[in-house]
Amino acid sequence: MKRFLFSGLAFLLFGAFLAEMIRSYPGYLLLAVGGKRIEMNLWVAVGALALALLLIFLAFWLLRSLLRGVEGSVSRIRFGRTRVARRRLTNGLVEFMEGNWARARRQLLKSAPRSDAPLINYLAAARSAYELGYRDEANELLAKAEASGDDTRLAVALSQARMQLLDKHYEQCIASLERAKQVEPKHPAVLQLLKEAYYRLGDWKHLRDLLPELEKHANMPDDQMEQLELEIYQHQLRDAASRRDPEKLSEIWQGLSGRWQRHMALRSLYGELLHEIGRDEEAEKHLRWVLNREWRPELARLYGCLTGADATEQLTVAEGWMKEYGENGDLLTCIGRLCLRNELWGKARQIFEKSLLLRSDPATSAELARLLYALGEKEAAAELYKEGLMQAVADLPQLPLPGDGKPALEAYG
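Novice: Any chance you could explain the overall build of the protein here in plain terms?
Specialist: A tally of helices and strands in the protein yields 21 helices and two strands. A separation threshold of at least 6 residues defines the contact pool for the protein, and within that pool the share at least 24 residues apart is 47%.

Novice: I'm lost on the packing of helix α11 (residues 246-254) against helix α13 (residues 264-276) in this one. Help?
Specialist: Between two packed helices, both the angle of their axes relative to each other and the distance between the axes serve to describe the pair. It is the contact of α11 with α13, at a shortest axis distance of 11 Å, that shows an interaxial angle of 165 degrees. Accordingly, the angle class assigned to the pair α11 and α13 is roughly antiparallel. You can see that α11 and α13 cross each other, and the crossing is left-handed. Packed against α11, whose contacting residues are L249, S250 and W253, the element α13 presents L266, R267, Y270, L273 and L274 at the interface.

Novice: Got a minute to help me understand the packing of aromatic side chains in this structure?
Specialist: Pairs of aromatic rings are described using the distance from one ring centre to the other and the angle between the two planes. All told, the structure shown has six aromatic pairs when counted by the stated rule. Residues W295 and Y325 carry aromatic rings whose centres are separated by 5.2 Å and whose planes lie at 40 degrees to one another, so their mutual orientation is tilted. Separated by 30 residues along the polypeptide, W295 in the loop between α14 (280-291) and α15 (297-303) and Y325 in helix α16 (residues 311-325) bring together distant segments of the chain. Between the aromatic rings of Y303 and W321, the centroid separation amounts to 4.9 Å while the plane-to-plane angle is 65 degrees, which identifies the pairing as edge-to-face. Residue Y303 is located in helix α15, and its partner W321 is located in helix α16; the two are separated by 18 residues in the primary sequence.

Novice: Mind showing me how you'd approach a negative patch on the surface here?
Specialist: A grouping of E215, D222, D223 and E226 is seen on the molecular surface, where their side chains present a negatively charged patch. Examining the composition of the negative patch, we find that three residues originate from one element, helix α10 (residues 222-242), more than from any other. With respect to the element layout, E226 can be found in helix α10.

Novice: Help me out: how do you make sense of the state of the cysteines in this one?
Specialist: Throughout this description, disulfide means a covalent bond between two cysteine sulfur atoms. Summed over the entire model, instances satisfying the criterion amount to zero disulfides. In this structure C334 is a free cysteine whose sulfur lies 8.1 Å from that of C305, the closest cysteine sulfur available.

Novice: Just to check I follow, could you spell out the environment of A300 for this structure?
Specialist: Among the structural elements, A300 can be located in helix α15. For the pair formed by A300 and L287, sequence separation is 13 residues and the distance between their alpha carbons is 8.3 Å. Excluding its chain neighbours within four sequence positions, the residues that come into contact with A300 are L291, W295 and C334.

Novice: For this particular structure, what's the right way to read unusual backbone geometry?
Specialist: Leaving glycine out, the prevailing phi sign among residues is negative, and the prevailing peptide bond configuration is trans. One non-glycine residue, K168, lies in the positive phi region at around 65 degrees. Looking at the element boundaries, K168 is found in the loop between α6 (153-166) and α7 (170-183). Of note, R244 is a non-glycine position whose phi angle comes to about 55 degrees, a positive value. By the secondary structure assignment, R244 is in the loop between α10 and α11.

Here is what the cut-offs are and how they apply
- Residues numbered from 1 in each chain as written.
- Predicted model: local features only at pLDDT ≥ 70, side-chain atom pairs only at ≥ 80, totals over all residues.
- Heavy atoms only, no water.
- Helix = DSSP H or I, 4+ residues; strand = E, 2+ residues; numbered from the N terminus.
- Contact = heavy atoms within 4.5 Å.
- Axes fitted to C-alpha atoms, helices over the stretch in contact; angles between N-to-C directions.
- Parallel < 35°, antiparallel > 145°, perpendicular 65-115°, else oblique.
- Left-handed = near helix turned anticlockwise from the far one by under 90°.
- Phe/Tyr/Trp six-rings, centres within 6.5 Å; stacked < 30°, edge-to-face > 60°.
- Patch = residues over 30% accessible without salt bridge, like charges linked within 9 Å, V, L, I, M, F, W, Y side chains within 5 Å.
- Areas by Shrake-Rupley, 256 points an atom, 1.4 Å probe, with all protein chains shown as cover.
- Salt bridge = Lys/Arg side-chain N within 4 Å of Asp/Glu carboxyl O.
- Lys, Arg positive; Asp, Glu negative; His and termini not counted.
- Charge placed at Lys NZ, Arg CZ, Asp CG, Glu CD.
- Disulfide = S-S within 2.5 Å.

If you want it as structure tokens, here you go:
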């Protein structure tokens, strides 16, 4: 409002000033053109000149507006379809990200012929078709994507490999990724997908061969990389043991780095597998190495079952662990078994009894029972066999029995 009042006041002042100028300086203008003389009031001439300039300005403005309008019409006619294609591509990608596969496929295919990046259209449309169950159409769209321009092989191979992986066609997936690897050998996505395909296929040899590349280029967190390595080595060792192939088992173990040979879980597994294939002397050395550094109850139980090279030395080693780790049921059972191996019958009996005082254990009960039976104490042995059996099947339901009518577990209690 203030601006309007100020402008009106300025206009009135200018009008008053101009009227005063016209009154004070009337003047006139004389023009001579080719013998003709034109005379007029000076201020009329100034007004005419200003009007002429205004008309010229308006003419140029109208002409420019007209040209812009024509240019806009031509642009809309020429590029309108491209803009529509871009809009459809954007909408299609939004639907794709939201998982609306049918709408995404429709939008992407409509915009593909006029798209600035048809590769994106065809790849996303192929994945949408795959999610809808149209496998043949997905393959056709991947072929169109590969034909849509240069340098499309990697993107197409990766898209195809992902779909094959989801379909559990692992061999085909690996073949697609090998083609992609020829284009980009160090691409993280290629290496990650290869790792996944080999892992699901259980191809531990090729997965192990891939480890150096994964470590350098796959951008895997250190803990995931270590877990993957551990699983590979565990599976390879188990596979060799399941085939009863001690040479292969030893070859795999010797092929490990010193860091992995010092890994507690892996060395424990190696010792257990050596026992499974009858290599107790080697197993004893590995399990002793582990137990000297870390207490593992399950290994202590197994150690007592090993036929080592020197049974007396085994017993001495196990008794030394009792000083370090204290008396516990598993270690006492281990020592009791080693006493049996050394034919120390009385000491074995005492150790087994002490173990059972610390905790109930069917295996320890059975060991003591068969020792007592061999010593001629058959009734005590039978009682221990009964106790051990009931400990092993402690989840029997409460059921009536003939005779006293008491449930079985109460009768034995």
